[in-house]
Amino acid sequence: MAIKGNSGEYRARSPLAMVIAVLLCCCFYVLGAWQRSGYGKGDRIAVAVTRQTACADASAAGLSFETHHAGANVTTSGLGEPPPTFAPCAAALADHTPCHDQDRAMKFPRKNMVYRERHCPSDGKRLRCLVPAPPGYVTPFPWPKSRDYVPYANAPYKSLTVEKAVQNWVQYEGAVFRFPGGGTQFPHGADKYIDQLAEVVPFADGTVRTVLDTGCGVASLGAYLDSRGVIAMSFAPRDSHEAQVQFALERGVPAFIGVLGSVKLPFPASSFDMAHCSRCLIPWSGNGGMYMMEVDRVLRPGGYWVLSGPPINWKANYRKWERTEEDLSGEQKRIEEYAEMLCWEKLTEINEVGVWRKRTDTAACPARPAAVQTCDQANPDDVWYKNMETCITPSAAAAGGDLQPFPARLKAVPPRISSAAIPGFTVESYEEENRQWEKHVKAYRKVNYKLDTERYRNILDMNAGVGGFAAALFSPKSWVMNVVPTAAELSTLGVVYERGLIGIYHDWCEAFSTYPRTYDLIHANGVFSLYRDRCKMEDIMLEMDRILRPEGTVILRDDIDVLLQVQRVATGMRWKTMMANHEDSPHIPEKVLYAVKRYWTADGDESSQEKGSSSEGKGSEV
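Residues numbered from 1 in each chain as written. Predicted model: local features only at pLDDT ≥ 70, side-chain atom pairs only at ≥ 80, totals over all residues. Heavy atoms only, no water.

Quick notes on the pairing of strand 7 (residues 231–236)
Consideration 1: In terms of burial, strand 7 is largely enclosed, as 6 of its 6 residues are buried.
Consideration 2: Every second residue of strand 7 is oriented toward a common face, with Ile231, Met233 and Phe235 on one face and Ala232, Ser234 and Ala236 on the other, all of them buried.
Consideration 3: Judged from the 5 bridges that link them, strand 6 (residues 210–214) and strand 7 form a sheet pairing that is parallel. Within strand 7, the position partnered with valine 211 by the bridge is alanine 232.
Consideration 4: Following the chain from strand 6 across helix 7 (residues 220–225) to the adjacent parallel strand 7, one finds a crossover that is right-handed.
Consideration 5: Of the pairings in the sheet, the one linking strand 7 to strand 8 (residues 255–257) comprises 3 bridges and is parallel in character. Pairing of phenylalanine 235 across the sheet is with phenylalanine 256, part of strand 8.
Consideration 6: Remark: the strand 7/helix 8 (residues 244–251)/strand 8 crossover connection has right-handed handedness. (Buried < 20%, exposed > 50% of the residue type's maximum accessible area, 1.4 Å probe, protein only. Helix = DSSP H or I, 4+ residues; strand = E, 2+ residues; numbered from the N terminus. Pairing = 2+ DSSP bridges. Right-handed = clockwise from strand over helix to strand, strands pointing away.)

Notes on unusual backbone geometry
Consideration 1: A cis amide bond links proline 310 to the next residue, proline 311, at an omega of 5°.
Consideration 2: Along the chain, proline 311 turns up in the loop between strand 10 (299–308) and helix 10 (314–317).
Consideration 3: Geometrically, the link from phenylalanine 406 to proline 407 is a cis peptide bond, its omega value of 15° lying close to zero.
Consideration 4: Positionally, proline 407 belongs in the loop between strand 14 (391–392) and helix 12 (408–411).
Consideration 5: A positive phi angle, close to 65°, is found at asparagine 168, a residue other than glycine.
Consideration 6: Assignment of secondary structure puts asparagine 168 in the loop between helix 5 (159–163) and strand 4 (171–173).
Consideration 7: Although it is not a glycine, alanine 219 sits at a positive phi angle of roughly 65°.
Consideration 8: Mapped onto the elements of the fold, alanine 219 is located in the loop between strand 6 and helix 7.

Some points on the environment of arginine 110
Consideration 1: Tracing the chain through its elements places arginine 110 in the loop between helix 3 (102–105) and helix 4 (145–148).
Consideration 2: Residue class for arginine 110 comes out partly exposed when judged on its relative accessible area of 44%.
Consideration 3: As a C-alpha pair, arginine 110 and glycine 261 span 151 residues in sequence and 9.8 Å in three-dimensional space.
Consideration 4: A polar contact is formed between the side chain of arginine 110 and the backbone oxygen of phenylalanine 108, at a distance of 3.0 Å. (Polar contact = N/O pair within 3.5 Å; in protein donor to acceptor, adjacent residues only side chain to side chain.)

Section: the state of the cysteines
Consideration 1: For the structure on display, the rule yields 6 disulfides.
Consideration 2: With its sulfur 2.0 Å from that of its partner, cysteine 99 forms a disulfide with cysteine 120. For the disulfide bridge between cysteine 99 and cysteine 120, the dihedral angle about the S-S bond is near 110°, and by the sign convention the bridge is right-handed. Residue cysteine 99 is found in the loop between helix 2 (41–53) and helix 3, and its partner cysteine 120 is found in the loop between helix 3 and helix 4; the two are separated by 21 residues along the sequence.
Consideration 3: Disulfide pairing places cysteine 375 opposite cysteine 391 at an S-S distance of 2.0 Å. A torsion of 100° about the S-S bond marks the disulfide between cysteine 375 and cysteine 391 as right-handed. Here the residue cysteine 375 occupies a position in the loop between strand 13 (373–374) and strand 14, and cysteine 391 occupies one in strand 14, the gap between them amounting to 16 residues.
Consideration 4: Assessed through its relative accessible area of 5%, cysteine 391 is described here as buried. (Disulfide = S-S within 2.5 Å.)

A short note on the pairing of strand 9 (residues 272–278)
Consideration 1: Most of strand 9 is tucked away: 7 of the 7 residues are buried.
Consideration 2: Across 4 bridges, the pairing between strand 6 and strand 9 is parallel. Within strand 9, the position partnered with threonine 214 by the bridge is cysteine 277.
Consideration 3: In this structure, strand 9 lies alongside strand 10, joined through 6 bridges in parallel fashion. If you follow methionine 274 over to strand 10, its bridge partner there is tyrosine 304.
Consideration 4: Following the backbone out of strand 9, through helix 9 (residues 290–298) and into the adjacent parallel strand 10, one traces a crossover that is right-handed.

Details of the sheet that holds strand 8
Consideration 1: Read across the open sheet, the 7 strands follow the order 8-7-6-9-10-12-11; overall the sheet is mixed. Two strands close off the open sheet at either side, each with one partner strand: strand 8 and strand 11 (344–350). On average, adjacent strands in this sheet sit at an angle of 20° to one another, irrespective of strand direction.
Consideration 2: Running at roughly 155° to strand 8, helix 8 makes contact with strand 7 and strand 8 of the sheet.
Consideration 3: Across the sheet, helix 11 (residues 325–341) lies against strand 10, strand 11 and strand 12 (353–358), angled at about 140° from strand 11, the strand it touches most. (Axes fitted to C-alpha atoms, helices over the stretch in contact; angles between N-to-C directions. Contact = heavy atoms within 4.5 Å.)

A few points about helix 6 (residues 190–198)
Consideration 1: Along helix 6, the residues classified as buried are Ala190, Tyr193, Ile194 and Leu197. Taken around the axis of helix 6, the buried residues stretch over an arc of 100°, which confines them to a single face.
Consideration 2: Lining the buried residues of helix 6 we find helix 7, strand 9, strand 10 and strand 12. (Arc of directions from axis to C-beta.)

Take a look at the structure:
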């Protein structure tokens, strides 16, 4: 190793200096152990953790965060009694999505797409096995290459290449799928389509940052908005077209399995700067305008709604759409009436694209019919499994505050904080929270030097709070799905959106609405303490394993007693783990557990899986 002297010349570091540095490190460790603060059992464990992670710069020496596409044997020291072991699930379950199972879905009503919504198995019917990756699975291409190419082995489904061949959604090219950026309503590509929208919607100045793409297909809109500093939350039903959401996630585009059906979307009011529908097949003019009212609920004052496709410009297209003039004209008339009732101003109609803007000044709205009800605002963010209603959600005063253009918006104090809409949060405590997460992430980087590289594109924060982790980690190379658990004491997801980030409500006692192998990195702060008396730790960890990619990374912050239990279960899940102290002191009971999921795939028989689990090759030396 070489060091640079005052003269600017490089000279070799002497062996004596290195020996002295090691001796000093050991001395400080012994001194710290001697000055233990008396936390009893927790303190003794902390000393053991210190021994494991002394000299922090070398703390990750036994844990590799690289990807190699193949696995090595993983062993972890025991924690007393033998850890539980989890067998691989059958190879046919490689795309298992517990709450969106197709066979279970068919037992529910078709009306309002109820059968496409979440329907989770009971505790007794949950799988307690490890969902395998398909044979030949490889690490996805880094962004932005992943926008255009997905390895065929990762999602080996060709139906869209045939069904949507004319519309240029996806093409099969041997070992990869290629995504040209086409779509039903943008035959010249998503970039050209976005250019058209940009004539009306202010993408360029950072005013529009968060977009909701309903019925997203393979999420090409979100994929191409990314380069303009705009982040889209895309969703579509499970296999309405085969693998569409799975393709979106493999491409590195934020997406989840969902549908605008009978229950409210899992977002707080006034979240998005724009909502978009490109021939998404949602009956906007039906159900008394209920679906437009739900979009209005999640759309910020001043936000935009884009409708692309039927019935817009029906006079020129009714023959192509194979619908009558009367039918299409009636549909557009009802949409226009509902938009006016919701206080949306129509800005333009170009070809087959209509753009509306939600007014910020409701006093300028035309008088609403007396029959139109205002939604109950007792708890406006209580939306988990709550039915949609035909009522109008008033814009919260806190959410109506001005937002700075992105990226300044990320660091500015959000209106919900400055207006004291979040109990217990002041401007000072909010800023201190962000300083803490800056410090935490700085400590993460010392252990995992890959954290700021293209290694991690899809990131999940299981207990996001006000989005401090995502803000501290922010990079154009990655995106974070910020989850606010339904069990959390405070509903802070509105703050996350005001920062220009995205997220979702979720109950971690149930499976997440996504395909297996969605995320490269999962971060969880206090999740297991939060759910200690609500559901089984093993079930939460099995779900984490399902949605984590092979060779993906997990970072857990929690109390040492909790993390020791987690570490024991992780051993039986083929994870390699390493415990680290809190960055402030080894005597703080809160610790950090790092884990890496080993690479293994389903080969169709137990013997080949055993062979895969003990392969030596180019695996992670952990």
